[in-house]
Amino acid sequence: MENTFQLVRNIIPPLSAKKFKGQDGRIGIVGGCQEYTGAPYFAAISALKVGADLSHVFCAREAAPVIKSYSPELIVHPVLSGWRVRGPEEVCGLCVDRAAYGRKQWTFQAVTRPFVCSGFGEVSIEPSKLLLSWGSPRAALCIELPAAQIMPFSDSPDAVHEVEKWLPRLHVLVIGPGLGRDDTLLENVKGILEASKARGIPIVVDADGLWLVTQQPALIQGYKNAVLTPNHMEFGRLHKAVLGGPVDSADQRATVLSLSQALGNVTVVRKGEHDMISDGQQGSALSWWPHSVPALSQGSVTSKPSRSTAAPPPPPT
Ligand SMILES: NC(=O)C1=CN([C@@H]2O[C@H](COP(=O)(O)OP(=O)(O)OC[C@H]3O[C@@H](n4cnc5c(N)ncnc54)[C@H](OP(=O)(O)O)[C@@H]3O)[C@@H](O)[C@H]2O)[C@@H](O)CC1
Ligand SMILES: Nc1ncnc2c1ncn2[C@@H]1O[C@H](COP(=O)(O)OP(=O)(O)OP(=O)(O)O)[C@@H](O)[C@H]1O
């Protein structure tokens, strides 16, 4: 137990009157969409609980009010998602919440001449038109649009740019908790990941960030400032994508080591009954992680303390 305390002390910055806010860690979490608001919250708040000073959450627009109301300590940027439809003159502007794209239910706001409508209704998109219907009895509005005019948007014109301007002030970025798997949103996240790499910022990749990396392992290949934190399923998917086959359950540690090596010595923390870590040099089981933490969706917490102070990953026992 004493050993565990010492290891925890190693990654928690000591309090000091000489420091000012921000010096002990400014963390960025890229995650949170309409469905998932808990995972980015846990990621952000657990960084604060282990000693970081500031936690920023960059999330989809519709997740922001929810995450903000979990805690006043978090700084929440609703920049990741949305659709803006630029229509013909009679449609001055129309916003449809991005997270629901591909489904029937949308939250929308349409500013048309001669009226404004907003609400929660059904939207169908065809190549050249957009049909909104809402209310009871149902009202409908059909807008003729060239498909090219339905464009992804963030609350600001460019999601990557919006996050990028914060990057010089961040010590570490956590990419993926509760992000969802929408292609357009992941395209934004890809841009954020590349911008972070260009600055050498340490990155923890979790949950849907791992989904993205599984589709495009080159994104993280050889970036030694990255820590991947896959759970059982995520590890299996990543292993298959990178090494081309299923996980050898007979030697779990070896699989973590070989995945790390195949990714160019990116650090891999495989979560499970025994968390396993490898930086491609050696593979270890982490018995130090406090297993009083129940296996109740605590992965969002697990991955964050390990890099939340931009400290090196915890040493193996
Ligand atoms: N509060 C929030 O905001 C949270 C948000 N989150 C968000 O949720 C989304 C989905 O993420 P995920 O990890 O649940 O889905 P995924 O990777 O598809 O795997 C699910 C399947 O894996 C299986 N399975 C799992 N463990 C296993 C094991 N040890 N051994 C064997 N099987 C195992 C299990 O199979 P089952 O038991 O159902 O047969 C299940 O079907 C993602 O967008 C993420 O960001 C989450 O982070 C949660 C907290
Ligand atoms: N079978 C298990 N026995 C004991 N502890 C476990 C077990 N599986 C996971 N854990 C603990 O839970 C932590 C999170 O693992 P888990 O597989 O739940 O990750 P996750 O699915 O990414 O979580 P989240 O749902 O928050 O994203 C692990 O780091 C480990 O400490």
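Going by what an unreviewed UniProt entry lists, the protein chain is known as ATP-dependent (S)-NAD(P)H-hydrate dehydratase and is assigned to Galeopterus variegatus. Looking at the Cofactor (unreviewed entry) heading of the UniProt record, one finds this comment for the protein chain: "Mg(2+)". According to the UniProt record, the Function (unreviewed entry) comment for the protein chain reads "Catalyzes the dehydration of the S-form of NAD(P)HX at the expense of ATP, which is converted to ADP. Together with NAD(P)HX epimerase, which catalyzes the epimerization of the S- and R-forms, the enzyme allows the repair of both epimers of NAD(P)HX, a damaged form of NAD(P)H that is a result of enzymatic or heat-dependent hydration."

### What to know about the overall build of the protein chain
From N to C terminus, the protein chain includes nine helices and 16 strands. A total of 317 residues make up the protein chain; the buried ones form 51% of that total. Relative to all contacts within the protein chain whose residues are 6 or more apart in sequence, the contacts with residues 24 or more apart total 57%.

### What to know about the site of ligand 1
Of all residues adjacent to ligand 1, which total 15 residues, the nearest are Ala 39, Gly 178, Asp 208, Met 233 and Arg 237. With respect to ligand 1, the backbone of Gly 178 contributes an N or O atom lying 3.0 Å from an oxygen atom. Here an oxygen atom of ligand 1 and a side-chain polar atom of Asn 231 are 3.4 Å apart. Burial of ligand 1 by the surrounding chains reaches 49%, relative to a free accessible area of 930 Å². Of all elements in the fold, only α2 (38-49), α6 (207-215) and α7 (232-243) reach the threshold of two or more residues within the shell around ligand 1. For the shell around ligand 1, the element with the highest residue contribution is α7, accounting for four residues.

### What about the UniProt feature "binding site: (6S)-NADPHX" (unreviewed entry) in the protein chain?
The positions that UniProt labels "binding site: (6S)-NADPHX" (unreviewed entry) are, in the present scheme, Gly 178, Asn 231, His 232, Met 233, Glu 234, Phe 235, Gly 236 and Arg 237. The class of Met 233 is exposed, set by a relative accessible area of 52%. Among the secondary structure elements, Phe 235 is positioned in helix α7. Excluding anything up to four places from it in sequence, Phe 235 contacts Pro 230, Val 247, Thr 255, Val 256, Leu 259, Val 268 and Arg 270.

### Describing the nonpolar core
In this structure, Val 30, Leu 173, Ile 220 and Leu 228 are the most contacted members of the largest nonpolar core, which totals 35 residues. Looking at this core element by element, the count peaks at six residues for helix α5 (residues 183-198). Beyond its immediate stretch of four places on either side in the chain, Ile 220 contacts Leu 193, Lys 197, Val 205, Val 213, Ala 226, Leu 228, Leu 263 and Val 266. If you look at the next biggest cluster of nonpolar residues, it comprises 19 residues, including Ala 44, Leu 48, Ala 63 and Val 172.

### Details of the packing of aromatic side chains
Two aromatic rings are characterised by how far apart their centres lie and by the angle between their planes. Going through the model one piece at a time under the given rule, you end up with two aromatic pairs. Clustering of aromatic rings is evident, with ring pairs tying together Tyr 41, Phe 42 and Tyr 70. Arg 181 extends its terminal NZ or CZ atom over the ring of Trp 211, reaching a point 4.3 Å from the ring centre. Over the ring of Phe 235 we find Arg 270; its NZ or CZ atom is 4.3 Å from the centre of that ring.

### Brief notes about the pattern of salt bridges
Per the stated rule, a full pass over the model turns up six salt bridges. With a shortest N-O distance of 3.6 Å, Arg 199 and Glu 164 are connected by a salt bridge. With Arg 199 in the loop between α5 and β12 (203-205) and Glu 164 in helix α4 (residues 159-164), the pair connects residues that are 35 residues apart, well separated along the chain. Taking the relative accessible area as the measure of exposure, Arg 199 reaches 40% and is therefore partly exposed. Here Glu 187 and Lys 190 are joined by a salt bridge, their closest N and O atoms 4.0 Å apart. Residue Glu 187 and its partner Lys 190 are located together in helix α5, separated by three residues, close to a single helical turn.

### Observations regarding the packing of α5 against α6
The contact between α5 and α6 brings their axes to 11 Å, and the two run at 85 degrees. Between α5 and α6, the angle falls in the class roughly perpendicular. Mapping the contact onto sequence places Leu 186, Val 189 and Lys 190 in α5 and Asp 208, Trp 211 and Leu 212 in α6. Considered class by class, the residues forming the contact of α5 with α6 number four nonpolar, no polar and two charged.

Rules used throughout
Residues numbered from 1 in each chain as written. Chains lettered and ligands numbered in written order. Predicted model: local features only at pLDDT ≥ 70, side-chain atom pairs only at ≥ 80, totals over all residues. Heavy atoms only, no water. UniProt positions renumbered as here; feature names shortened; annotations may be inferred. Helix = DSSP H or I, 4+ residues; strand = E, 2+ residues; numbered from the N terminus. Buried < 20%, exposed > 50% of the residue type's maximum accessible area, 1.4 Å probe, protein only. Contact = heavy atoms within 4.5 Å. Near = heavy atom within 4 Å. Polar contact = N/O pair within 3.5 Å; in protein donor to acceptor, adjacent residues only side chain to side chain. Areas by Shrake-Rupley, 256 points an atom, 1.4 Å probe, with all protein chains shown as cover. Core = buried A, V, L, I, M, F, W, Y, C linked by side-chain atoms within 4.5 Å. Phe/Tyr/Trp six-rings, centres within 6.5 Å; stacked < 30°, edge-to-face > 60°. Lys NZ or Arg CZ within 6 Å of the ring centre and 35° of its normal. Salt bridge = Lys/Arg side-chain N within 4 Å of Asp/Glu carboxyl O. Axes fitted to C-alpha atoms, helices over the stretch in contact; angles between N-to-C directions. Parallel < 35°, antiparallel > 145°, perpendicular 65-115°, else oblique. Nonpolar A, V, L, I, M, F, W, Y, C, P; charged D, E, K, R; others polar.

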